[in-house]
Amino acid sequence: MDVFDTPTPELQTMPLGLYDLVFYSIVAAGFALFAYFVYSWNSKSEVGVRYRPAVLAGLCIAGVASLSYLVLAIKWDTGYDLVGGVYEPNAEARATLYPRYIDWTVTVPLLTAELLAVCSLAGAKARSLRFSTMTAAFLMILTGFLGSQVLAQGRDVTALVVWGLISTAFYAYLYVALIGAVRSSTSSMSVEAGRSLRNATLVLLGTFGVYPLVYAVPVFVDVTPAWLAGMQVSYSAADVLAKVGFGVLIHKVAKLRTAEDVAAGVDTHPESVWVSSVHQSEAVMPSSQTEVRSTEFTGNTVDAAPVFADHPRRPHEHHETEHLREREHGHSDHARADGVRHGATRTATDRS
Amino acid sequence: MDVFDTPTPELQTMPLGLYDLVFYSIVAAGFALFAYFVYSWNSKSEVGVRYRPAVLAGLCIAGVASLSYLVLAIKWDTGYDLVGGVYEPNAEARATLYPRYIDWTVTVPLLTAELLAVCSLAGAKARSLRFSTMTAAFLMILTGFLGSQVLAQGRDVTALVVWGLISTAFYAYLYVALIGAVRSSTSSMSVEAGRSLRNATLVLLGTFGVYPLVYAVPVFVDVTPAWLAGMQVSYSAADVLAKVGFGVLIHKVAKLRTAEDVAAGVDTHPESVWVSSVHQSEAVMPSSQTEVRSTEFTGNTVDAAPVFADHPRRPHEHHETEHLREREHGHSDHARADGVRHGATRTATDRS
Amino acid sequence: MDVFDTPTPELQTMPLGLYDLVFYSIVAAGFALFAYFVYSWNSKSEVGVRYRPAVLAGLCIAGVASLSYLVLAIKWDTGYDLVGGVYEPNAEARATLYPRYIDWTVTVPLLTAELLAVCSLAGAKARSLRFSTMTAAFLMILTGFLGSQVLAQGRDVTALVVWGLISTAFYAYLYVALIGAVRSSTSSMSVEAGRSLRNATLVLLGTFGVYPLVYAVPVFVDVTPAWLAGMQVSYSAADVLAKVGFGVLIHKVAKLRTAEDVAAGVDTHPESVWVSSVHQSEAVMPSSQTEVRSTEFTGNTVDAAPVFADHPRRPHEHHETEHLREREHGHSDHARADGVRHGATRTATDRS
Amino acid sequence: MDVFDTPTPELQTMPLGLYDLVFYSIVAAGFALFAYFVYSWNSKSEVGVRYRPAVLAGLCIAGVASLSYLVLAIKWDTGYDLVGGVYEPNAEARATLYPRYIDWTVTVPLLTAELLAVCSLAGAKARSLRFSTMTAAFLMILTGFLGSQVLAQGRDVTALVVWGLISTAFYAYLYVALIGAVRSSTSSMSVEAGRSLRNATLVLLGTFGVYPLVYAVPVFVDVTPAWLAGMQVSYSAADVLAKVGFGVLIHKVAKLRTAEDVAAGVDTHPESVWVSSVHQSEAVMPSSQTEVRSTEFTGNTVDAAPVFADHPRRPHEHHETEHLREREHGHSDHARADGVRHGATRTATDRS
Amino acid sequence: MDVFDTPTPELQTMPLGLYDLVFYSIVAAGFALFAYFVYSWNSKSEVGVRYRPAVLAGLCIAGVASLSYLVLAIKWDTGYDLVGGVYEPNAEARATLYPRYIDWTVTVPLLTAELLAVCSLAGAKARSLRFSTMTAAFLMILTGFLGSQVLAQGRDVTALVVWGLISTAFYAYLYVALIGAVRSSTSSMSVEAGRSLRNATLVLLGTFGVYPLVYAVPVFVDVTPAWLAGMQVSYSAADVLAKVGFGVLIHKVAKLRTAEDVAAGVDTHPESVWVSSVHQSEAVMPSSQTEVRSTEFTGNTVDAAPVFADHPRRPHEHHETEHLREREHGHSDHARADGVRHGATRTATDRS
């Protein structure tokens, strides 16, 4: 067993400047996540119920990560004693790095759910992919934690490497599965929404790459105070990018797709949708029960019957895709006419 | 009196890796429960008022369990002192296991209420079953607590066994009563909702089986640090499954049944219902007072009179059941027509 | 002055089992109250604005009581030191009983307000009774506190008895006033609502009787650890019954009365009302301003003018009562017709 | 310089009974304020948007004051050590009185805003009075704080008196300005609303008188434990009266005025308004965009154009006043007719 | 390297009065920010979805700043020990100034977003300016923090000056960019909204000037207790002005612009808009899906198709501007007619 003979990464004696820098990066990341939590909580109604799970996943992620950074901040604050002009670690300092895994255990699976919630997969296929990616994400983090902290207290280089590789295998699956889901989805939404979705995927999978790099630091170098500060700053920045940056892009996709559904008559939404002060769709209230009934009696059928998941909806989605593409290639007048016609005939074609 | 001569289970000297693993499992479970709390709070409007009690029960469960895990995390964090490379328990460590009973005292009765709220029992029968199962659940936990912690401070094997058996008797009642309620309910909902309801019941009653197993550990083995870690990890995992996993399934049943009610004209719901991106029902606003009145004057009676619980509603429910079954056996066009007709004639047949 | 020569009740040396039992009962009661707080917050829209004050009172009660139990739990946790296998009280232990009075000072007046908010008194009469009962409830608690804690530090038996009797006098007034209000109200609501209201009153006044019994314990017996544990468990159980149990019953009365108002056309409510899966009233949206105006122009007057409190409404309420009674004696078809007619003509008769 | 040679008021050695009484009064006041915070948060939709700022001011006041009492309770709890049967102050005890000024610095200006928000001033005049009274209120508290705590650490009798007088001058301005605003407003609302507004003003300005009395205590008497307890109880009671009692009255005025606006057709409100179970106005939804447009085309102009603040609205307000007065002198039938006519013609006369 | 030989600014021995003054200013600012947080949370629905991002930015700012002041208050409270009648700093006192940078790192970028959200830039241009100003604001704070705290622990005068200048360069960019955005926007809104927007900009950029002044204090003077108190009071006052004062003005602009959009038929809003009791716009509900469809069939096209950001909207915005200006130059009757016509024809001209 190839055991480290240096202190564990988190038990460094920190000079004032670096100590303050780490506290700054931890609390700033926590504040950013808290702000995003408050934002998501108060803007969820901007997104239609169809894509609402994306916003709710982002909200839960922000809530959990905020609490996690609270724990990290308290541990960093109390884990070091100012002795002779430097900060020396005490027993609490052991818990200044590994609690990040606890956060990730819950939030990384939710991040994949957030991404998939604005993709175009539906029904059993969506559920199965969501289940497999969330499980892979959970195992990716759990194996990383076991290797770096539990087995031989993270002091065994071999364990660090072996479990790191197992963890990476789950990452590889995630990479392939999510890229695939996104690729097959962008064609069924507007160009703008598709672009934001691709950017969000890049941000997510890109920042996911930061974590193994930082994880590997203790394998390759003797961790110094500067390395520890670098690890903490990198983790904090990556968390903000992967959660807040990614979340803002997903929120935009969800709003654009909500507007597309309203415009296509697929759904109603009681608020108009604006993105960067550009009007995307009108507010449309649902019909009242009286309106629904009178429409039924006059033969202008508005179908309120549930469509069970067993009924394939792909034909319709294909239709919707064509419709959106068409519009974006410049025939906006025609597209609008089509949109109106489509909305009106949807109930007939959609449920056959 | 057959008293233990080993330390109580929770007072083990823990090596670093196991100590961190338990902290990880407690905080991760707490984060998952908190995420579910945030999710339930913000998604309750997805479910119609009829099944809302299920979501509210899940929300209360998540809130209480989050607080409970906060207590457990604090006690685990402060209950052990790092001395010579191992964590030694102090007086606080006594409260790292038994506070789980406090959580369960409140949450297990609520879990049975959550399950029953999406079943098809109504009125006095529902109230009576709810009362008896909630009482049994409460007593199941209370007797377990008394046997394991209060009487002879949980050091008497006989008390542990006797009270464990009494507790198990309540569990048996719960098992029979809940299975019965679910069985009699699935026929009155769609196949998909019924399947999810059965899965939810399996998850709940299955994880309930984990608790007595862990409870019995100190009876059969000398608790070692590894056993203690296993107990804590098992309890944490079981709590997440029984509360979050179960809750997500119940939420789905509630959404599907909401959609069925809207489609059948039994209720309105101001949001459309989507499950895994599959459209289940349109959004339908209630009629306005003016609409209600004008409908009354034109003889097209929309009845706004209350139906008191004393009036049996079984005929209608039976009707609804047939209607749903019919649709699912492939006659979807016919079913939809029936749905419209049913909705229109409901006010006449339903209140006679 | 007849002064106690034993320790004050709260300063007992507690064996492990009893200490844990008290912690269990305090935290379990706190969790139940917190769950009820979360429930009330998220279910308030189930009740119409007319009876909303009842739900808001319950919500405030639950919030305050949750905080109070947080204080009690912290004091109990920190107020005893584990020395030689038993828990010995320290200075903090002084505050493990009397903070209950602080909670009651705020919550008991609110409980009377909660009860009165679903009774049928209105206007000046309601305000006057609410003021006198809230004042009596406040003085009942304040005098109890002064006698048991402030005067001679609660060590003077005479003070305990004298102030206990003064406090009891306020209780007697409350008893008479609340019973009277409930009696005069049940006739103006449905049988089911009336039954729940009577049950709620029994629960409230019944549990109120527990408090003086526990208060009197130190007068009659030397308080032992078992007595103290009994006092704490009794207070906790009584608080849960008087706040949560009572509140759930009042919530049901408020929902039933809301449904009755909607059915009678007295008010609108944007959600349907369901109690134990039984449908009580349809959802009815308010008319829009345009609808209101066009109705006015066509002579089908919908009166939007305010009715000032000075205008007696008793005739109408009497009418409503008869209407409800009639329906419940089996003439449901007739009652419905009457309901429609009543709803339509209300604006003419009601505001004359 | 005439410096005190006795301990500062807050540094008294307190006997048990008085110590508990102060803790009781601080926590009870904090609980009452917290209950009012929860109440305001959940009842804000009862009041129309026009008077909503009053409710929001009350909500912010309650939130800030709750936090302030949390600080006071913690300081009182930790600021005294139980030594030999009495509570002796430690360094923390210095912060058991002056943090009240911090609360008041924020809440007293908000109290004047709360009062003005239900008065009848509008536009630039309202903004200017709001600004001057909020500034005066801020300076009233700031100067009191400087005199009693900062300058010579509050140990200089002259500073106490001089700054007390300066503070009183601002109080005098507030008194005159607020009385004036209320007097000029009551004529434009119903008798009942006006009466409640006058009561609210009395409560506010009356309790404001308590503060200088308590402030002056150390000038005239040697502060004893009983005096300190009296000061703390008085401040706590005054805070509850001035914030909760006042707020409940303002809430009632806001509800009554909301009902008057709905009845007069000046505004819509999606909930009916009930005060003490008396029905004040129907719920009226806004017209839909389609309704607005079709009304426009048929010449029955509903004006949706904004009225900028520069346009004087007094003629209309005068009209509204007469309308309300008229109704209250018994001509209710006529008043209703007038109300309808007024509502219908408002858009024509109001925006000219 | 020109290193300070005096204590760092935050490590002063403070006399009682100044110590209390700083505590007062920190907690009062924290209370004001918390009140603003509560206010924003509960008033967000007053602003239409188009300008909602401004309110959400303000809400997040208030939340983060409240937490930051909580940290500052705790550090100030625990960072000084009362020894011999003065407060002497301990190790905690190091964190009584620099945590302000953490708050600013998150809130200053959000402040620029809040300002831009009520300006008239839209689409790609808005996104690009928002990105560059938020980045500049972030770097302005980060470089300030590095210079004053991290590099040579803020003890090197040269570093303080050099990094201060770099930070100032970002400030200069912000100044120019924001002034430009505001200037180009005021012409497209009403005079009143434009005036408030200009005031808000002045408040923001003005208070931004306070920070470098305070930052430079240690460069030019030996920091004394009075200077430290002055720095803390100045920072606290500037934070309240720049966040609460600025936010209230932006909230007003957002409300006025919402009212303008409703009046011009550009958007609906379910609440009427009142500013200082002056009525700005009627409440208008969105059309229901049935209304939308029937309008479509009758040729009175209400277009619900999304307008993608790529389509330039400037013509329309220009039109809107003229429309508003016209109205404000006194032709209110004409303007209203124009407004109606504009609203009716918008769907035709707007989407071409």
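Residues numbered from 1 in each chain as written. Chains lettered and ligands numbered in written order. Predicted model: local features only at pLDDT ≥ 70, side-chain atom pairs only at ≥ 80, totals over all residues. Heavy atoms only, no water.

**Here we look at the overall build of chain A**
A tally of regular secondary structure across chain A gives eleven helices and five strands. A total of 352 residues make up chain A; the buried ones form 64% of that total. Considering only contacts in chain A between residues 6 or more positions apart, those separated by 24 or more positions represent 76%. (Helix = DSSP H or I, 4+ residues; strand = E, 2+ residues; numbered from the N terminus. Buried < 20%, exposed > 50% of the residue type's maximum accessible area, 1.4 Å probe, protein only. Contact = heavy atoms within 4.5 Å.)

**Looking at the pairing of strand β5 (residues 278–281) of chain B**
Within a regular strand, side chains alternate between the sheet's two faces. Residues and elements named next belong to chain B. Of the pairings in the sheet, the one linking strand β4 (residues 273–275) to β5 comprises three bridges and is antiparallel in character. If you follow Trp-274 over to β5, its bridge partner there is His-279. From the end of β4 to the start of β5, which pair antiparallel, there are two residues, and Ser-276 there has a positive phi angle of about 50°. (Pairing = 2+ DSSP bridges.)

**With respect to the sheet that holds strand β3 (residues 86–89) of chain B**
All names here are of chain B. Read across the sheet, three strands follow the order β1-β3-β2 without closing on themselves; strand pairing throughout is antiparallel. In this open sheet, the two strands that pair with only one neighbour each are β1 (14–15) and β2 (80–83). The pairing of β1 with β3 spans two bridges and is classified as antiparallel. Residue Met-14 lies in a different strand from β3, and its bridge partner there is Tyr-87.

**Regarding the packing of helix α2 (residues 52–78) of chain D against helix α8 (residues 225–263) of chain D**
All names here are of chain D. Where α2 meets α8, the axes come as close as 10 Å, and the angle between the chain directions of the two elements is 160°. Overall, the two elements α2 and α8 adopt an arrangement that is roughly antiparallel. Here α2 and α8 pass one another in a crossing that is left-handed. Along its contact with α2, which presents Ala-54, Val-55, Ile-61, Ala-65, Tyr-69 and Trp-76, the element α8 presents Leu-228, Gln-232, Tyr-235, Ser-236, Asp-239, Lys-243, Ile-250 and His-251. Residues belonging to the contact of α2 with α8 are distributed by class as follows: nine nonpolar, three polar and two charged. (Axes fitted to C-alpha atoms, helices over the stretch in contact; angles between N-to-C directions. Parallel < 35°, antiparallel > 145°, perpendicular 65-115°, else oblique. Left-handed = near helix turned anticlockwise from the far one by under 90°. Nonpolar A, V, L, I, M, F, W, Y, C, P; charged D, E, K, R; others polar.)

**Some remarks on the environment of Ile102(B)**
Looking at the element boundaries, Ile102(B) is found in helix α3 (residues 99–116). Residues Ile102(B) and Ser68(B), spaced 34 residues apart in sequence, show a C-alpha to C-alpha distance of 7.8 Å. Other than its neighbours up to four places away in sequence, Ile102(B) contacts Phe23(C), Tyr24(C), Val27(C), Ala28(C) and Phe31(C).

**Some thoughts on helix α6 (residues 191–208) of chain E**
For α6(E), with 18 residues, the first-to-last C-alpha span of 26 Å sits near the 26 Å given by 1.5 Å per residue. Turning to α6(E), its buried residues are Glu192(E), Ala193(E), Gly194(E), Ser196(E), Leu197(E), Ala200(E), Thr201(E), Leu204(E), Leu205(E), Thr207(E) and Phe208(E). (Expected span 1.5 Å × (residues − 1).)

**Quick notes on a nonpolar patch on the surface**
All names here are of chain A. Side chains of Leu-67, Leu-70 and Ile-74 sit close together on the surface and give an oily, nonpolar patch of about 250 Å² of accessible area. Examined against the element boundaries, Ile-74 turns out to sit in helix α2 (residues 52–78). With relative accessibility at 47%, the residue Ile-74 sits in the partly exposed group. (Patch = residues over 30% accessible without salt bridge, like charges linked within 9 Å, V, L, I, M, F, W, Y side chains within 5 Å. Areas by Shrake-Rupley, 256 points an atom, 1.4 Å probe, with all protein chains shown as cover. Salt bridge = Lys/Arg side-chain N within 4 Å of Asp/Glu carboxyl O.)

**A word on the sheet that holds strand β1 (residues 14–15) of chain E**
Residue and element names in this part refer to chain E. Within the open sheet, the three strands sit side by side as β1-β3-β2. Their pairing is antiparallel. Two strands lie at the open edges of the sheet, namely β1 and β2 (80–83), each paired on one side alone. Of the pairings in the sheet, the one linking β2 to strand β3 (residues 86–89) comprises four bridges and is antiparallel in character. Note on β3: the bridge partner recorded for Tyr-80 is Pro-89.

**A few points about the side chain of Ser288(A)**
Summarising the element assignment, Ser288(A) is placed in the loop between β5 (278–281) and α9 (289–297). Within the structure, Ser288(A) has its side chain in polar contact with the side chain of Glu291(B) (distance 3.1 Å). Leave out the neighbours within four places in its chain, and Ser288(A) touches Val284(B), Met285(B), Pro286(B), Ser287(B) and Glu291(B). (Polar contact = N/O pair within 3.5 Å; in protein donor to acceptor, adjacent residues only side chain to side chain.)

**Examining the packing of aromatic side chains**
For the coordinates displayed, the defined rule picks out 85 aromatic pairs over all chains. The interplanar angle of 10° and the centroid separation of 4.1 Å between the aromatic rings of Phe145(D) and Tyr24(E) together place this pair among those described as stacked. With Phe145(D) in helix α4 (residues 123–150) and Tyr24(E) in helix α1 (residues 16–43), the pair connects residues from two separate chains. Like Tyr24(E), Phe145(D) is buried. (Phe/Tyr/Trp six-rings, centres within 6.5 Å; stacked < 30°, edge-to-face > 60°.)

**With respect to unusual backbone geometry**
Most peptide bonds adopt trans geometry, and most residues besides glycine take a negative phi value. One non-glycine residue, Ser276(D), lies in positive phi territory at about 50°. For Ser276(D), the location among the structural elements is in the loop between β4 (273–275) and β5 (278–281).

**Digging into the environment of Ser184(D)**
Counting through the fold element by element, Ser184(D) comes out in helix α5 (residues 157–186). Linking Ser184(D) and Ala122(D), residues 62 residues apart in sequence, is a C-alpha distance of 12 Å.

**Section: the packing of helix α3 (residues 99–117) of chain C against helix α1 (residues 16–43) of chain D**
Their axes nearest at 8 Å, the elements α3(C) and α1(D) cross at an angle of 40°. Of the possible angle classes, the one that applies to α3(C) and α1(D) is oblique. Crossing angle aside, the handedness with which α3(C) passes α1(D) is right-handed. Contacts between α3(C) and α1(D) pair Tyr101(C), Ile102(C), Asp103(C), Thr105(C), Val106(C) and Leu110(C) from the former with Phe23(D), Tyr24(D), Val27(D), Ala28(D), Phe31(D), Ala32(D) and Ala35(D) from the latter.

**A short note on the side chain of Ser272(C)**
Assignment of secondary structure puts Ser272(C) in the loop between α8 (225–263) and β4 (273–275). Classification of Ser272(C) as buried rests on a relative accessible area of 6%. A distance of 2.8 Å separates the side chain of Ser272(C) from the side chain of Asp267(B), its partner in a polar contact. Within polar-contact distance, the side chain of Ser272(C) engages the side chain of Trp274(C) at 3.1 Å. Leave out the neighbours within four places in its chain, and Ser272(C) touches Val49(B), Asp267(B), His279(C), Ser281(C), Glu282(C) and Ala283(C).

**Quick notes on the pattern of salt bridges**
For the structure on display, the rule yields 55 salt bridges over all chains. Here Lys255(C) and Glu46(C) are joined by a salt bridge, their closest N and O atoms 3.3 Å apart. Here Lys255(C) is found in helix α8, whereas its partner Glu46(C) is found in the loop between α1 (16–43) and α2 (52–78), with 209 residues between them in sequence. The pair Lys255(C) / Glu46(C) is uniform in exposure class, with both members buried. With its nearest N and O atoms 3.6 Å apart, the salt bridge here joins Asp239(D) to Lys243(D). Residue Asp239(D) and its partner Lys243(D) are both found in helix α8; the two are separated by four residues, about one turn of the helix. The buried category is assigned to Lys243(D), whose relative accessible area is 2%. What you see here is one network of salt bridges that share partners, running through Arg100(A), Asp103(A), Asp239(A) and Lys243(A).

**What about the state of the cysteines?**
All names here are of chain A. Counting across every chain of the model gives zero disulfides over all chains. Cys-119 forms no disulfide, and the closest cysteine sulfur to it belongs to Cys-60, at a distance of 19 Å. For Cys-119, a relative accessible area of 1% puts it in the buried group. (Disulfide = S-S within 2.5 Å.)

**Quick look at the confidence of the model for chain A**
Detailed reading of predicted coordinates is not advised where the pLDDT is low. All names here are of chain A. When pLDDT is averaged across chain A, the result is 84; 82% of the residues are at 70 or more. When pLDDT is averaged over each element of chain A, α2 comes out on top at 98 and helix α11 (residues 332–350) at the bottom at 34. Here residues 299–352 scores under 50 on pLDDT; set against residues more than four positions off or in separate chains, the count is 100 contacts. The ipTM for the predicted assembly is 0.86, set against a pTM of 0.89. (pLDDT = per-residue confidence, 0-100.)

**Section: the environment of Leu116(E)**
Residues and elements named next belong to chain E. Along the chain, the position of Leu-116 falls in helix α3 (residues 99–116). Sequence spacing of Leu-116 and Tyr-51 is 65 residues, and the spatial spacing of their C-alpha atoms is 9.8 Å. With sequence-adjacent residues up to four places away left out, Leu-116 is seen in contact with Leu-129, Arg-130, Thr-133, Leu-178 and Ala-181.

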